[in-house]
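Tertiary structure, described
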Amino acid sequence: MGRLISLLVGYAFGNFLTAEVVSRKASGNSVFNYRDWESGDDE
(Lines give C-alpha, C1' and ligand atoms only; values in the text may rest on other atoms or scores of the structure.)
Protein backbone atom coordinates (compact mmCIF):
# COMPACT_ATOMS: atom_id res chain seq x y z
CA MET A 1 0.00 0.00 0.00
CA GLY A 2 2.88 2.35 0.77
CA ARG A 3 4.27 1.95 -2.75
CA LEU A 4 0.97 2.94 -4.29
CA ILE A 5 0.72 6.10 -2.19
CA SER A 6 4.33 6.96 -2.99
CA LEU A 7 3.68 6.44 -6.69
CA LEU A 8 0.57 8.65 -6.66
CA VAL A 9 2.29 11.44 -4.73
CA GLY A 10 5.26 11.35 -7.09
CA TYR A 11 2.97 11.40 -10.12
CA ALA A 12 1.04 14.40 -8.76
CA PHE A 13 4.18 16.44 -8.04
CA GLY A 14 5.62 15.47 -11.43
CA ASN A 15 2.53 16.87 -13.14
CA PHE A 16 2.83 20.18 -11.27
CA LEU A 17 6.49 20.51 -12.19
CA THR A 18 5.81 19.70 -15.84
CA ALA A 19 3.00 22.27 -15.92
CA GLU A 20 5.35 24.87 -14.43
CA VAL A 21 8.04 24.26 -17.08
CA VAL A 22 5.57 24.31 -19.98
CA SER A 23 3.85 27.44 -18.67
CA ARG A 24 7.12 29.34 -18.29
CA LYS A 25 8.22 28.35 -21.81
CA ALA A 26 4.88 29.21 -23.43
CA SER A 27 3.91 32.41 -21.64
CA GLY A 28 6.81 33.41 -19.42
CA ASN A 29 4.52 33.22 -16.37
CA SER A 30 4.49 30.80 -13.50
CA VAL A 31 1.54 28.48 -13.02
CA PHE A 32 1.38 29.65 -9.42
CA ASN A 33 1.06 33.37 -10.30
CA TYR A 34 -2.55 33.09 -11.45
CA ARG A 35 -3.41 36.54 -10.06
CA ASP A 36 -1.14 38.13 -12.66
CA TRP A 37 -3.02 36.28 -15.40
CA GLU A 38 -6.44 37.41 -14.16
CA SER A 39 -5.50 41.07 -14.18
CA GLY A 40 -4.28 40.88 -17.77
CA ASP A 41 -0.93 42.47 -16.99
CA ASP A 42 1.73 41.35 -19.43
CA GLU A 43 5.08 42.17 -17.94
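As shown above, the structure is provided for reference.
We now turn to the structure provided with this report. A quick note: this is a predicted structure, and the numbers were derived from the prediction, not measured.

**Here we look at the overall build of the chain**
The helix and strand tally for the chain stands at 2 helices and 0 strands. By the burial criterion, 7% of the 43 residues in the chain qualify as buried. Accessible surface, the chain: about 4,000 Å² in total, of which carbon and sulfur atoms supply 61%.

**Quick notes on helix 1 (residues 2–27)**
Spanning 26 residues, helix 1 covers 38 Å between terminal C-alpha atoms, matching the ideal 38 Å at 1.5 Å per step. Positive backbone phi, approximately 80°, marks Gly28, located one or two places after helix 1.

**Some words on the pattern of salt bridges**
Following the criterion strictly, the structure yields 1 salt bridge and no others. Among the ionic pairs, Glu20 bridges to Arg24, the shortest N-O distance being 2.5 Å. Here Glu20 and its partner Arg24 are both found in helix 1, 4 residues apart, which amounts to about one turn of the helix. The exposure class of Glu20 is buried, given its relative accessible area of 12%.

**Overview of the environment of Leu17**
By secondary structure assignment, the location of Leu17 is in helix 1. Classification of Leu17 as exposed rests on a relative accessible area of 58%. In sequence terms Leu17 and Val31 are 14 residues apart; their C-alpha atoms lie 9.4 Å from each other.

**Examining the side chain of Glu20**
For Glu20, the side chain forms a polar contact with the side chain of Arg24, separated by 2.5 Å. Ignoring sequence-local partners within four residues, the contact set of Glu20 consists of Ser30, Val31 and Phe32.

Cut-offs applied
Residues numbered from 1 in each chain as written. Predicted model: local features only at pLDDT ≥ 70, side-chain atom pairs only at ≥ 80, totals over all residues. Heavy atoms only, no water. Helix = DSSP H or I, 4+ residues; strand = E, 2+ residues; numbered from the N terminus. Buried < 20%, exposed > 50% of the residue type's maximum accessible area, 1.4 Å probe, protein only. Areas by Shrake-Rupley, 256 points an atom, 1.4 Å probe, with all protein chains shown as cover. Expected span 1.5 Å × (residues − 1). Salt bridge = Lys/Arg side-chain N within 4 Å of Asp/Glu carboxyl O. Polar contact = N/O pair within 3.5 Å; in protein donor to acceptor, adjacent residues only side chain to side chain. Contact = heavy atoms within 4.5 Å.

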